[in-house]
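Okay, here's what each chain looks like letter by letter:
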Amino acid sequence: MTSPSDSPDRVPPRAAEPQEGPSGEGMAALANMGWQILLTMGFATIALGVIALVWPGATLRVVGILFGVYLLGTGVFQLAAAFGTHVRRHLRVLHFLTGAASILLGLICFRGTLESILLLALWIGFGWLLRGTTETAAAASDQHMPARGWHVAFGIIGALAGVVMIIMPFASIAALTLVAGVMAIVLGLTEVIRAIRTRVEIGQLAQGTATQRRHLFHARPHAQH
């Protein structure tokens, strides 16, 4: 005698189908937004690089104004920190002096393009010089530092670049603008290529999911009458 479970007319259970819930739709929307944002940023970066190469003078004027705004903002925060209750007395004097100097330099940047470019070049030059000197001294004093030779080489190159920037500020900042323009174009092209590849991968993933669902749908066994 056969049991009910062995009946030939029993319909086998259906295979589980992948269902797209709110989380799946949210991930798909997030992925689409990601490649679109990356593509937009790539084109914007390319446009900035082209502007820097075609109109270097206007680019330097805008950069000088932004540098002046940066100095003013830094000076205001330094002055606010100088009058804070949590700051020690000897640090208040330092914050006040650096804040006042930053505000003064920021106001000088708004006087003209030459002043802002000169201050920007000196700011970058002294920064490179200080960083290169520090890196070289640290690598020379530590014999167990990994890649010690590379640190010494990069430190010397950075220090020399800072010296050149200080000695020839206008020519150096113009050359730096051209280099920044070329680097912006290359970076923008890289972002555009990444966005296109991401879009293709999302399309292939969606196509594969749809094909899998179609196969599962057609693979359902029919009930026997």
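Preceding block: the structure.
Residues numbered from 1 in each chain as written. Predicted model: local features only at pLDDT ≥ 70, side-chain atom pairs only at ≥ 80, totals over all residues. Heavy atoms only, no water.

K.L.:
Before we move on, can you summarise the packing of aromatic side chains with the specific residues and values?
P.N.:
Scanning the model with the defined rule gives 4 aromatic pairs in all. On the numbers, 6.4 Å between centres and 25° between planes, the contact of F67 with Y70 is stacked. With F67 and Y70 both in helix 2 (residues 56-82) and 3 residues apart, the pair spans about one turn of that helix. We classify F67 as buried; its relative accessible area is 8%. Y70 sits in the partly exposed class, given a relative accessible area of 45%. Aromatic rings pair up to connect F67, Y70 and W123 into one cluster. (Phe/Tyr/Trp six-rings, centres within 6.5 Å; stacked < 30°, edge-to-face > 60°. Helix = DSSP H or I, 4+ residues; strand = E, 2+ residues; numbered from the N terminus. Buried < 20%, exposed > 50% of the residue type's maximum accessible area, 1.4 Å probe, protein only.)

K.L.:
Can you break down the packing of helix 2 against helix 4 (residues 113-141) residue by residue, with the values?
P.N.:
Where helix 2 contacts helix 4, the two axes come as close as 9 Å, and the packing angle between them is 70°. On the basis of the axis angle, helix 2 is roughly perpendicular to helix 4. By crossing handedness, the relation of helix 2 to helix 4 is classed as left-handed. Contacts between helix 2 and helix 4 involve L60, R61, V63, G64, F67, Y70 and L71 on the former and, on the latter, T113, S116, I117, L119, L120 and W123. Looking at the contact of helix 2 with helix 4 residue by residue, the class counts come to 9 nonpolar, 3 polar and 1 charged. (Axes fitted to C-alpha atoms, helices over the stretch in contact; angles between N-to-C directions. Parallel < 35°, antiparallel > 145°, perpendicular 65-115°, else oblique. Left-handed = near helix turned anticlockwise from the far one by under 90°. Contact = heavy atoms within 4.5 Å. Nonpolar A, V, L, I, M, F, W, Y, C, P; charged D, E, K, R; others polar.)

K.L.:
Which residues make up a nonpolar patch on the surface, and what values go with them?
P.N.:
Taken together, the side chains of L48, V50, I51, L53, V54, W55, L178, V182 and V186 define a hydrophobic patch exposed on the protein surface, amounting to about 800 Å² of accessible area. Of all elements in the fold, only helix 1 (22-54) and helix 6 (169-218) reach the threshold of two or more residues within the nonpolar patch. Looking at which element gives the most residues to the nonpolar patch, the answer is helix 1, with 5 residues. Position of V186 among the secondary structure elements: in helix 6. (Patch = residues over 30% accessible without salt bridge, like charges linked within 9 Å, V, L, I, M, F, W, Y side chains within 5 Å. Areas by Shrake-Rupley, 256 points an atom, 1.4 Å probe, with all protein chains shown as cover. Salt bridge = Lys/Arg side-chain N within 4 Å of Asp/Glu carboxyl O.)

K.L.:
Kindly report on the nonpolar core, identifying the contributing residues and their values.
P.N.:
Grouped together as the largest cluster of nonpolar side chains are 11 residues: L60, F67, L71, C109, I117, L119, L120, A121, I124, M165 and I173. Those elements giving two or more residues to this core turn out to be helix 2 and helix 4. Top element by residues in this core is helix 4. It accounts for 5 residues. Discounting residues that sit within four places of it in the chain, L60 has contacts with I117, I173 and T177. (Core = buried A, V, L, I, M, F, W, Y, C linked by side-chain atoms within 4.5 Å.)

K.L.:
Residue-level account of the side chain of E191, with values.
P.N.:
With respect to the helices, strands and loops of the structure, E191 is situated in helix 6. For E191, which is buried and forms no salt bridge, the nearest opposite charge comes from R194, at a distance of 6.1 Å. Polar contacts involving the side chain of E191 include one to the main-chain amide nitrogen of G42, which spans 3.2 Å. The residues contacting E191, other than those within four sequence positions of it, are L38, M41, G42 and T45. (Lys, Arg positive; Asp, Glu negative; His and termini not counted. Polar contact = N/O pair within 3.5 Å; in protein donor to acceptor, adjacent residues only side chain to side chain.)

K.L.:
Go over the environment of L178, please, and point to the residues and values.
P.N.:
Here L178 lies in helix 6. Expressed as a C-alpha distance, the spacing of L178 and A52, which sit 126 residues apart in the sequence, is 6.7 Å.

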